[in-house]
Amino acid sequence: MNELVPLVVALPLICAALLAAVGQHLPRLLPDAVAIACAAAVTGMSLVLTLDSADRTIVYWFGDWSPVQGGFPWGIGFVVEPLAAAEATLAAAAVLGALVFSWGHFENIRHLFYSLMLAFLAGMVGFVLSGDLFNIFVFLELMSVAAYALSGYHVKRPEVLQGALDFAVLNTIGTLTLLMGIGVLYGRTGNLNLVGVGTALEQHHPSGLLVLALTFITVGFLVKAGTAPFHFWLTDAYSVATAPAAAIFTAVMSDLAYDVYSRVHSTVFAPTLGDDDAVRHALLGLALLSAVLGAVMCFLEADLKRQLAFMTVSNGGVVLAGIATLTADGLAGSVMYIITAGLLRGALMLCLGMLIVRLGSADEMALHGWGRHGGHFVLAALLTLCAAGLATPPGFGPFQSAALVYDALAAGGYAWMAPVLAVCIAVSAAAVLRAVARIFLGWGPAHDPALTSQGSEPHRLDGHHRLWPLLAPLFLAATGYFLAFASDLPAHAMKAAADLHDHASHARLVTQGVTPPSRPLPEHTIASRDWLYGAVSFAGAFVLAGLGLWWQRLPDRFLKPLRACLRPPILAVKTVHSGSIGDYTTWLIAATAALALAWAATL
């Protein structure tokens, strides 16, 4: 299957170029068909690579420039292991769902929209499969440039211009920071291949240059991932992008940065630093901040798109917590959670796009009771299904993924973090459930002083009640739910993560072509405490949604002290999210400096 490896990147790039060049001269539906067929082909090829790499990691050297036995890796290589291939499949499936959903949505520039989406897809796939630092940066830039254009589709609107500008400026700072880290490593080792850099660094003791490179590369990836306090661009950009583009952003783009960072750390830095507590503690602190801050801000938003943006930040905290354990089980849980939760968030964003098309707004207070009439039952049910799935219902995909993260935290001595993450999951899912009840059932008051509203005026539109576009989010949501029933999926993920964490064997495979002996599938059982955490998240989401709807009905003896207690921190977190790009840049610089000082003092 090695011949499929270059095709998963080359095919969408070729189709993107052709559509940009001649798309406007093609019959109306042909660009739609070409783009959907291309995304479907990439999805199929990525799935084949995922299944094929389960038995052996595929190392593909472009131009057949493979290193001489044990020699210097001069060539450009893709390393296709199961976790990376699964991420590529997620990216392709999310793009396919978004393209099917947007069929006929764009009239005048549909060929350019499809061209950007396919270039975006090529960037994401190349980003997760690249085996050297510079090409990771190149594909990250390709992915970012396409995303900037997609986020600024309605650029004549001031809020869209601001969101796209925040996105571009802060992500450019992040990618330049990443590039500086790559430059430091290249100057130190004379190598860009991940395995080559890690092998060279392993021969030396940790130095100031290593700490500098680790800081720059960590910050670069965490900016792209939207980890707090590097997350400010994310909520502004995701909330103004069109629904098909925003679905890709929230489903896969941010989380890909976590996956690639985990691979870079385990291959480049872990051989030298080992399981250093300084790295673990810093990453766990950022994970906890992201999970808590994202969940709180999600619950305080009335606009559903901003809710989903902050949910992405909070879910990213769960992903980073698994990676921060620096264990194979934690990485396996994180990647599984990226896939299952990402599919559900992508489906949810597409449903929000349909809500906006039908009612002209996504603000739960502005739309109070608007969904009770007009045949919106299917849309309401699908929104509820996605939100409930993100609350990790026991037995389904997101729950199994989170359970692996909880187990890794407990094994590392951080069992106290698991219930905190479970509550954060419940809070972020509760915000969406609250909005669905307010819009489609008319529950709760039409005004809530605790919520931030975007003030968009609703307007009911006729002729937009087609159900077939909802097939795409239904497929994504069902896949996210039922991946849990794939045979021994957690065990296969744990095995793949263990192979990646075995640096010596992985290095021999990449540089010498020596395939390590196959590991047996590890035994995996879900602990009783994990079932409890899943039940708390799932039931807690509905309880908190009800509390969010009717908290103003509490007796005054409870309401007054509650307001006095919660008002200052709520105002504080809202003030921090000022919308000023200068403020956001200051937070980025300050957080980078703090991380560098912490690691310089401890590593």
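Note that the coordinates shown come from a computational prediction; the quantities given were computed from them, not determined experimentally. (Residues numbered from 1 in each chain as written. Predicted model: local features only at pLDDT ≥ 70, side-chain atom pairs only at ≥ 80, totals over all residues. Heavy atoms only, no water.)

This brings us to the overall build of the chain. Check the secondary structure of the chain and you find 22 helices and two strands. At 23 Å, the chain has a C-alpha radius of gyration in line with the 25 Å of a compact globule built from 603 residues. If one aligns the C-alpha atoms of the chain with their principal axes, the spans along those axes are about 70 × 60 × 50 Å. Taking all 603 residues of the chain together, 59% fall into the buried category. Considering only intrachain contacts with a sequence separation of at least 6, the fraction spanning at least 24 residues in the chain is 83%. Treating the 28 positive side-chain charges of the chain as one cloud and the 35 negative ones as another, the clouds have centres 11 Å apart. (Helix = DSSP H or I, 4+ residues; strand = E, 2+ residues; numbered from the N terminus. Rg over C-alpha atoms; globule rule 2.2 N^0.38 Å. Buried < 20%, exposed > 50% of the residue type's maximum accessible area, 1.4 Å probe, protein only. Contact = heavy atoms within 4.5 Å. Lys, Arg positive; Asp, Glu negative; His and termini not counted. Charge placed at Lys NZ, Arg CZ, Asp CG, Glu CD.)

A water-sized probe rolled over the atoms picks out the places where empty space is left. Within the structure shown, the criterion is met by two cavities of 30 Å³ or more. Size it by volume and the largest cavity reaches roughly 70 Å³. Around the largest cavity, the lining residues are Val-79, Ser-130, Gly-131, Asn-193, Leu-194, Val-195, Arg-263, Thr-267, Leu-500, His-506 and Val-510. Across the lining of the largest cavity, the residue classes break down as five nonpolar, five polar and one charged. Computed from the structure, the second largest cavity encloses a volume of approximately 30 Å³. Lining the second largest cavity are Arg-188, Leu-201, His-204, His-205, Ser-207, Leu-210 and Thr-272. By residue class, the composition of the lining of the second largest cavity is two nonpolar, four polar and one charged. (1 Å grid on protein atoms, 1.4 Å probe; cavity = no way out; pocket = protein on both sides within 12 Å on 5 of 7 lines; lining within 4 Å. Points joined across faces, edges and corners; volume = space filled by probe spheres on them. Nonpolar A, V, L, I, M, F, W, Y, C, P; charged D, E, K, R; others polar.)

Turning to the packing of aromatic side chains, a few remarks are in order. Applying the stated rule across the entire model yields 24 aromatic pairs. Pairing Tyr-148 with Phe-167 gives two aromatic rings, centres 5.0 Å apart and planes at 90 degrees, and the pair type is edge-to-face. Residue Tyr-148 is found in helix 5 (residues 133-151), and its partner Phe-167 is found in helix 6 (residues 158-189); the two are separated by 19 residues along the sequence. Phe-167 shares its class with Tyr-148; the two are buried. Geometrically, the ring pair formed by Tyr-481 and Phe-482 is tilted, given 6.3 Å between the ring centres and 40 degrees between the ring planes. Judged by its relative accessible area of 8%, Tyr-481 falls in the buried class. A residue is classified by how much of its surface remains accessible, and Phe-482, at 49% relative accessible area, is partly exposed. Counting every residue linked through ring pairs, the aromatic cluster contains Phe-120, Tyr-148, Phe-167, Trp-233, Tyr-238 and Phe-249. The positively charged end of Arg-434 is found above the aromatic ring belonging to Phe-299, 4.8 Å away from the centroid. (Phe/Tyr/Trp six-rings, centres within 6.5 Å; stacked < 30°, edge-to-face > 60°. Lys NZ or Arg CZ within 6 Å of the ring centre and 35° of its normal.)

Once that is clear, we can look at the nonpolar core. Residues Leu-99, Phe-120, Phe-127, Phe-221, Phe-249, Val-264 and Phe-269 are the most contacted members of the largest nonpolar core, which totals 195 residues. Per-element accounting of this core gives the leading share, 20 residues, to helix 13 (residues 328-359). In terms of domain composition, this core takes at least three residues from each of domain 1 (155-274 + 570-602) and domain 2 (275-485 + 529-553). Here Phe-221 is in contact with Phe-127, Ile-136, Leu-178, Ala-257, Val-260, Tyr-261 and Val-264, once residues within four sequence places are set aside. (Core = buried A, V, L, I, M, F, W, Y, C linked by side-chain atoms within 4.5 Å. Domains from an automatic or database assignment.)

So, on to the domain arrangement of the chain. Here the chain is described as being made up of domain 1 (155-274 + 570-602) and domain 2 (275-485 + 529-553). The gap between the C-alpha centroids of domain 1 and domain 2 is 23 Å. Both faces considered, domain 1 and domain 2 share a buried interface measuring about 3100 Å² in area, 72% of it formed by carbon and sulfur atoms. It is Thr-250, Tyr-258 and Lys-574 in domain 1 that bury the most area against domain 2; as a group they hold 18% of the surface buried on that side. Taken together, the links from domain 1 to domain 2 amount to two salt bridges. The partner of Asp-255 in a salt bridge is Arg-345, and the shortest N-O contact between them spans 2.7 Å. On inspection of domain 1 and its partner domain 2, the count reaches eight residue pairs in polar contact (both at pLDDT 80 or more). Residue assignment for the side of domain 1 that touches domain 2 shows that the elements contributing at least two residues are helix 8 (208-225), helix 9 (232-240), helix 10 (243-273), helix 21 (556-576) and helix 22 (581-602). With 14 residues, the top contributor of residues to the side of domain 1 that touches domain 2 is helix 10. (Buried area = accessible area lost by both parts, 1.4 Å probe. Salt bridge = Lys/Arg side-chain N within 4 Å of Asp/Glu carboxyl O. Polar contact = N/O pair within 3.5 Å; in protein donor to acceptor, adjacent residues only side chain to side chain.)

Here we come to the pairing of strand 2 (residues 77-80). Of the two faces of strand 2, the one holding Gly-77 and Val-79 and the one holding Phe-78 and Val-80 are both buried throughout. Note that strand 1 (residues 58-61) and strand 2 share four bridges and pair antiparallel. Bridge pairing in strand 2 links Trp-61 to Gly-77. (Pairing = 2+ DSSP bridges.)

Right, let's talk about the packing of helix 14 (residues 377-390) against helix 16 (residues 417-441) for a bit. Running from amino to carboxyl end, helix 14 crosses helix 16 at an angle of 165 degrees, the nearest separation of the two axes being 8 Å. Considered as vectors, helix 14 and helix 16 are oriented roughly antiparallel to each other. For the element pair helix 14 and helix 16, the recorded crossing hand is left-handed. Between helix 14, through Leu-379, Ala-380, Leu-383, Thr-384, Ala-387, Ala-388 and Leu-390, and helix 16, the contact on the second element is made entirely by Ile-425, Ala-429, Val-432, Leu-433, Val-436 and Phe-440. The residue inventory of the contact of helix 14 with helix 16, partitioned by class, reads twelve nonpolar, one polar and no charged. (Axes fitted to C-alpha atoms, helices over the stretch in contact; angles between N-to-C directions. Parallel < 35°, antiparallel > 145°, perpendicular 65-115°, else oblique. Left-handed = near helix turned anticlockwise from the far one by under 90°.)

The omega torsion across Ala-228 and Pro-229 is 5 degrees, close enough to zero to call that bond cis. Note on placement: Pro-229 falls in the loop between helix 8 and helix 9. For Leu-326, which is not glycine, the phi torsion reads 60 degrees and is therefore positive. Along the polypeptide, Leu-326 turns up in the loop between helix 12 (304-324) and helix 13.

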